Amino acid sequence: MHQAIYSSAKWESWGLEFRPAIPEGMPLLFDDDLLFEDSNGSRPVNVINRWACELPTNGVPAPKSWLYYVRTVREWLEFISEHGVSLFDSRTRLKGVLGSYSVYRARGPVQHRFAASTWNQNIGILAGFYKWAAGEGFAEAEPFTYRQGVSAFAGQMRRGLANQARRRQAKPHVTIKYLDEGFSDLFLKGLAGLDPNGERDLAYRGRELTRNAAVGRMVVSSGLRSQEFTYLLVCEVPALPSRRTAVPVSFPVPEGRVLV
């Protein structure tokens with residue numbers, strides 16, 4: 001299977017009466033024999049190309065996104081073809097190969113693995129493709145199973161269908177890369193078992209409060225990256241002088257040197 005970027009340059013020499021209605025810069029797929037139809041009718045690449053040409057009017061106006069969308073469906077087609085499954089096969093066969101594809105993208109060769117966010121994005125593209133194909137009469141089944149889901153936005157609850165093939169992703173509050181200035185103080189007080197006013201929180205049930213607060217202050221004051229802090233050894237923590245001093249203490253870490 002080959003992929004090329006469409007250009008209408010010199011289209012007059014193609015023996016056509018009118019310029020082809022194909023968006024400029026659209027990625028198109030071709031089989032090795034360069035045929036789009038055979039005795040079985042329209043080939044999968046022809047259907048994918050037709051879907052691709054409708055992307056600009058189906059919520060995907062960016063040319064860079066066209067490449068990603070087409071590549072996603074192409075890689076899915078290449079994978080299932082290796083397992084003897086066609087693009088518009090029965091639901092049972094499509095669901096079966098989807099399970100293999102999920103494992104391949106999660107535990108297969110490192111260069112082909114997907115993070116949860118990338119996998120979910122690919123699943124969304126494939127689900128959209130199959131819904132389009134079903135609406136156009138090309139597909140009678142899709143590999144995905146849906147369940148009723150509830151989401152909250154702007155204080156309003158919304159019900160919809162959730163794709164079961166999606167992977168769980170960490171919530172934004174557990175992927176914080178930095179703390180705002182106002183929040184860092186609250187964070188350190190929480191580690192020490194204190195309330196926002198700096199008073200002891202009697203409802204707090206944490207352990208090792210002094211240690212937690214000390215480590216938290218060290219990380220905040222030194223500016224250690226999360227990876228540097230995660231693999232920090234006790235022997236790598238510099239000894240502090242016997243008396244407090246305004247002179248910074250050198251804090252060597254693998255990625256560089258941080259002054260505290």
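Quick note: structure is the one above.
Residues numbered from 1 in each chain as written. Predicted model: local features only at pLDDT ≥ 70, side-chain atom pairs only at ≥ 80, totals over all residues. Heavy atoms only, no water.

J.: So what exactly am I meant to see when it comes to the environment of Ile5 here?
T.: Mapped onto the elements, Ile5 comes out in strand E1 (residues 2–5). Setting aside residues up to four positions removed in sequence, Ile5 forms contacts with Gly25, Met26, Pro27 and Leu67. (Helix = DSSP H or I, 4+ residues; strand = E, 2+ residues; numbered from the N terminus. Contact = heavy atoms within 4.5 Å.)

J.: What should I look at first to understand the side chain of Asp89 in this one?
T.: For Asp89, the location among the structural elements is in the loop between helix H2 (63–82) and helix H3 (91–107). At a separation of 3.2 Å, a polar atom in the side chain of Asp89 contacts the main-chain amide nitrogen of Ser86. A polar contact of 2.9 Å, which involves the side chain of Asp89, links it to the side chain of Arg93. Here Asp89 is in contact with Gly84, Leu94 and Ala141, once residues within four sequence places are set aside. (Polar contact = N/O pair within 3.5 Å; in protein donor to acceptor, adjacent residues only side chain to side chain.)

J.: Can you walk me through the packing of helix H1 (residues 44–53) against H2 in this structure?
T.: For any two helices packed against each other, one specifies the inter-axial angle together with the distance between the axes. Interaxial distance between H1 and H2 falls to 10 Å at its minimum, and their mutual angle equals 160°. Taken as axis vectors, H1 and H2 run roughly antiparallel relative to one another. The way H1 lies across H2 gives a crossing that is right-handed. Here Pro44, Ile48, Trp51 and Ala52 of H1 lie close against H2, whose contacting residues are Tyr69, Val70, Val73 and Leu77. Across the contact of H1 with H2, the residue classes tally to eight nonpolar, no polar and no charged. (Axes fitted to C-alpha atoms, helices over the stretch in contact; angles between N-to-C directions. Parallel < 35°, antiparallel > 145°, perpendicular 65-115°, else oblique. Left-handed = near helix turned anticlockwise from the far one by under 90°. Nonpolar A, V, L, I, M, F, W, Y, C, P; charged D, E, K, R; others polar.)

J.: Explain the nonpolar core here, please?
T.: One recurring pattern in soluble globular proteins is that nonpolar side chains are buried together. The biggest cluster of nonpolar side chains holds 37 residues, and the ones touching the most others in it are Ile48, Trp51, Trp76, Ile80, Leu87, Tyr130 and Phe144. Of all elements in the fold, only strand E2 (27–30), H1, H2, H3 and helix H4 (116–135) reach the threshold of two or more residues within this core. Broken down by element, the residue count for this core peaks at nine residues, all from H4. Judged by nonpolar contacts, the second largest core, of six residues, contains Val219, Leu224, Leu232 and Val253. (Core = buried A, V, L, I, M, F, W, Y, C linked by side-chain atoms within 4.5 Å. Buried < 20%, exposed > 50% of the residue type's maximum accessible area, 1.4 Å probe, protein only.)

J.: Sorry if this is basic, but what is going on with the packing of H3 against H4 here?
T.: One can describe the packing of H3 onto H4 by two numbers: an axis separation of 12 Å at closest approach and a directional angle of 155°. Classed by the angle they form, the pair H3 and H4 counts as roughly antiparallel. The chirality of how H3 crosses H4 is right-handed. Residues Leu94, Leu98, Tyr101, Ser102 and Arg105 of H3 lie in contact with H4, whose contacting residues are Trp119, Ile123 and Tyr130. The residue inventory of the contact of H3 with H4, partitioned by class, reads six nonpolar, one polar and one charged.

J.: In this structure, what is going on with a nonpolar patch on the surface? I would like to understand it.
T.: On the surface, Phe183, Leu186, Phe187 and Val220 cluster together into a nonpolar patch covering about 320 Å² of accessible area. The greatest single-element share of the nonpolar patch, amounting to three residues, is contributed by helix H5 (residues 181–191). Residue position: Phe187 is located in helix H5. (Patch = residues over 30% accessible without salt bridge, like charges linked within 9 Å, V, L, I, M, F, W, Y side chains within 5 Å. Areas by Shrake-Rupley, 256 points an atom, 1.4 Å probe, with all protein chains shown as cover. Salt bridge = Lys/Arg side-chain N within 4 Å of Asp/Glu carboxyl O.)

J.: Explain the pattern of salt bridges to me, please; I cannot follow it from the model alone.
T.: Two side chains of opposite charge can pair, provided their charged atoms sit close to one another. Under the criterion given, the structure shown has 10 salt bridges. Of the charged contacts in the structure, one is a salt bridge between Glu136 and Arg50, with a shortest N-O distance of 2.8 Å. Placement of Glu136 in the loop between H4 and strand E5 (146–153) and of Arg50 in helix H1 is noted, with a sequence separation of 86 residues between them. Looking at Glu136, the relative accessible area reads 36%, which means it is partly exposed. Residue class for Arg50 comes out partly exposed when judged on its relative accessible area of 38%. Close ionic contact of Arg74 with Glu78 constitutes a salt bridge, the shortest N to O distance being 3.7 Å.

J.: Hey, could you run me through H2 in this one?
T.: In an α-helix there are 3.6 residues to a turn, and that puts residues three or four apart on one side. With 20 residues, H2 should reach 28 Å at 1.5 Å per residue; the first-to-last C-alpha distance of 29 Å fits that figure. Buried within H2 are the following residues: Trp66, Val70, Thr72, Val73, Arg74, Trp76, Leu77, Phe79 and Ile80. Looking at the buried positions of H2, the neighbouring elements they touch are E1, E2, H1, H3 and H4. In the segment just after H2, Gly84 is the residue with positive phi, at about 75°. (Expected span 1.5 Å × (residues − 1).)

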